[in-house]
Amino acid sequence: MSSAQKDPRSWTRKLHRSKWLIGYGIVLNVGIVALILANDTESEAPVRMEVFQRNPLAERVNSIHDYHSLVMVALMLLRCYWKSGDIAKILNELMDLQWRHFRHYPLEDCCSFDDFVLHRGLSVVLELFSMLVMELGMSPNYSPQLFLGTTGLCVMVLVVLLGASHFHLAVVYIYRCVWIVNRELLRFANQLAEGETVESCEVDRLLSLYSRLLELNHRLAGNYDYQMVMVMVSFLAANVLGIYYYIIFSISLHKEMNAILLFIVPQAMIINMYDFWLAIAVCDLAERTGRKTSTILKLFNDIENMDISLERSISDFALFCSHQRFRFRHCGLFYVNYEMGFRMAITSFLYLLFLIQFDFSNL
């Protein structure tokens, strides 16, 4: 998508899809992948060669993971290009909502919004740092080929991380809007409890905003579900393989504790898990904030002598919330929240146990 343009009708900055930029992006990414494949020195690293010679299964699993990573990058980029028009419409609608209804609310009031944006930026930097440490720390013989391959790999990782960040930042932006709606409902409940009046049209306006945000949430999840599933699976698979290689290197090869065992491998696994859990946390945050709306609406049940039209508006809002919720269901298979994140982490650990049991004779 190209740079933003001014639209005088809605007083917001609009994004539009540029076919030239999409074509440029495809050519650029194909060139980066070709650069990585032409300068691949992974198999020449002494540490990896030693592990693969000791355990052929490790080499086969590593090849499968490399193939999965390549397919993940290709599918993620192609789907983003394919859905770029829909994504631009979603982002434009979010900006329009911000300008028309939420621009008078300072960002500083929603602390979780700022915290997550900072954590998201930090995770991208840490992932790039981890990639550099892994590639350069495990390859003692530096060469131009190594630096070219590492540069291309870091650029490709950055592309994937920024693609995932687009989804996460849009989700946290929707969360902030829902948080503002909840705060307005809570303010209305306090006003009624103190004997002040509240117009039913204000509640209807919040219901309209809530319904629009829920629609944008479903559309956003539908455009990014396959990409986010592949990214989360990639993080978990990398950790499973990292622990598997760690066991082979330290136990099977009887290596003493060095920089690889003490720092390089552990830091990669910790950063991967941090990034994975951040992806879970933002979806759970939006889901919990949506559930709070129903809790706040129950406060109006304790208010007596409410205007009939206002009571009808509150009932419509509560009925809508009981049937429509902020949830993220990827590929129609599972909801993304803390419970599912914990299950995915446990499942990856079980896969590690299965892998160790299957290859126990070679360890």
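It should be emphasised that the depicted structure is a prediction, and the values quoted were computed from it without experimental measurement.

**Observations regarding a nonpolar patch on the surface**
Here comes step 1: Taken together, Trp 277, Tyr 338, Phe 342, Ile 346, Phe 349, Leu 350, Tyr 351, Leu 353 and Phe 354 make up a surface patch of nonpolar side chains, about 890 Å² in accessible area.
Here comes step 2: The element contributing the most residues to the nonpolar patch is helix 10 (residues 338-358), with 8 residues.
Here comes step 3: Examined against the element boundaries, Phe 342 turns out to sit in helix 10.
Here comes step 4: By relative accessible area, which is 53% here, Phe 342 ends up exposed.

**Details of the packing of helix 3 (residues 56-82) against helix 7 (residues 200-252)**
Here comes step 1: Closest axis-to-axis distance for the helix 3/helix 7 pair is 10 Å, and the angle between their directions is 160 degrees. Considering the angle they form, helix 3 stands roughly antiparallel to helix 7. By crossing handedness, the relation of helix 3 to helix 7 is classed as left-handed.
Here comes step 2: When the residues that make up the contact of helix 3 with helix 7 are grouped by side-chain class, the tally is 17 nonpolar, 7 polar and 2 charged.

**Structural notes on the packing of aromatic side chains**
Here comes step 1: Going through the model one piece at a time under the given rule, you end up with 10 aromatic pairs.
Here comes step 2: Plain terms: the ring middles of Phe 167 and Phe 328 are 6.1 Å apart, the flat faces sit at 85 degrees to each other, and that makes the pair edge-to-face. Linking Phe 167 in helix 6 (residues 144-193) with Phe 328 in the loop between helix 9 (308-323) and strand 3 (329-330), this pair joins segments that are 161 residues apart in sequence. The residues Phe 167 and Phe 328 share a single accessibility class, namely buried.
Here comes step 3: An aromatic cluster is built from Tyr 210, Phe 317, Phe 320 and Phe 326, whose rings are joined through pairwise contacts.
Here comes step 4: Residue placement shows Arg 327 over the ring face of Tyr 335; its charged tip is 3.8 Å from the ring centre.

**What about the side chain of Thr 293?**
Here comes step 1: Looking at the element boundaries, Thr 293 is found in helix 8 (residues 259-297).
Here comes step 2: With relative accessibility at 0%, the residue Thr 293 sits in the buried group.
Here comes step 3: Aside from chain neighbours lying at most four places away, what touches Thr 293 is Val 178, Asn 182, Leu 185, Tyr 210, Phe 317 and Cys 321.

**Description of the UniProt feature "transmembrane region" (unreviewed entry) in the protein**
Here comes step 1: Under the present numbering, the feature "transmembrane region" (unreviewed entry) in UniProt falls on residues 21-38, 146-175, 226-247, 259-280 and 342-360.
Here comes step 2: Helix and strand shares over residues 146-175 are 100% and 0% respectively, and the end C-alpha atoms of the span are 43 Å apart.

**Let's talk about the environment of Met 228**
Here comes step 1: Mapped onto the elements, Met 228 comes out in helix 7.
Here comes step 2: Classification of Met 228 as buried rests on a relative accessible area of 2%.
Here comes step 3: In this structure, the C-alpha to C-alpha distance between Met 228 and His 330, residues 102 residues apart in sequence, is 7.9 Å.
Here comes step 4: In this structure, Met 228 is in contact with Ala 164, Phe 167, His 168 and His 330, ignoring residues within four places of it in sequence.

**Observations regarding the pattern of salt bridges**
Here comes step 1: What the rule picks out here adds up to 12 salt bridges.
Here comes step 2: In this structure, the salt-bridge partner of Glu 184 is Arg 187, at a minimum N-O distance of 2.6 Å. Here the residue Glu 184 and the residue Arg 187 both occupy positions in helix 6, the gap between them amounting to 3 residues, near one helical turn.
Here comes step 3: Residue Glu 184 is classed as buried on the basis of its relative accessible area of 7%.

**Observations regarding helix 1 (residues 19-38)**
Here comes step 1: The terminal C-alpha atoms of helix 1, which comprises 20 residues, lie 28 Å apart, in line with the 28 Å expected from a rise of 1.5 Å per residue.
Here comes step 2: Within helix 1, burial applies to Ile 22, Gly 25, Asn 29, Ile 32 and Ile 36. For helix 1, the angular spread of the buried residues around the axis is 90 degrees, confining them to a single face. When the buried face of helix 1 is taken as reference, the exposed residues oriented beyond 90 degrees from it are Lys 19, Trp 20, Tyr 24, Val 27, Val 30, Leu 37 and Ala 38.
Here comes step 3: Against helix 3, helix 4 (84-102) and helix 6 lie the buried residues of helix 1.

Cut-offs and rules
Residues numbered from 1 in each chain as written. Predicted model: local features only at pLDDT ≥ 70, side-chain atom pairs only at ≥ 80, totals over all residues. Heavy atoms only, no water. Patch = residues over 30% accessible without salt bridge, like charges linked within 9 Å, V, L, I, M, F, W, Y side chains within 5 Å. Areas by Shrake-Rupley, 256 points an atom, 1.4 Å probe, with all protein chains shown as cover. Salt bridge = Lys/Arg side-chain N within 4 Å of Asp/Glu carboxyl O. Helix = DSSP H or I, 4+ residues; strand = E, 2+ residues; numbered from the N terminus. Buried < 20%, exposed > 50% of the residue type's maximum accessible area, 1.4 Å probe, protein only. Axes fitted to C-alpha atoms, helices over the stretch in contact; angles between N-to-C directions. Parallel < 35°, antiparallel > 145°, perpendicular 65-115°, else oblique. Left-handed = near helix turned anticlockwise from the far one by under 90°. Nonpolar A, V, L, I, M, F, W, Y, C, P; charged D, E, K, R; others polar. Phe/Tyr/Trp six-rings, centres within 6.5 Å; stacked < 30°, edge-to-face > 60°. Lys NZ or Arg CZ within 6 Å of the ring centre and 35° of its normal. Contact = heavy atoms within 4.5 Å. UniProt positions renumbered as here; feature names shortened; annotations may be inferred. Expected span 1.5 Å × (residues − 1). Arc of directions from axis to C-beta.

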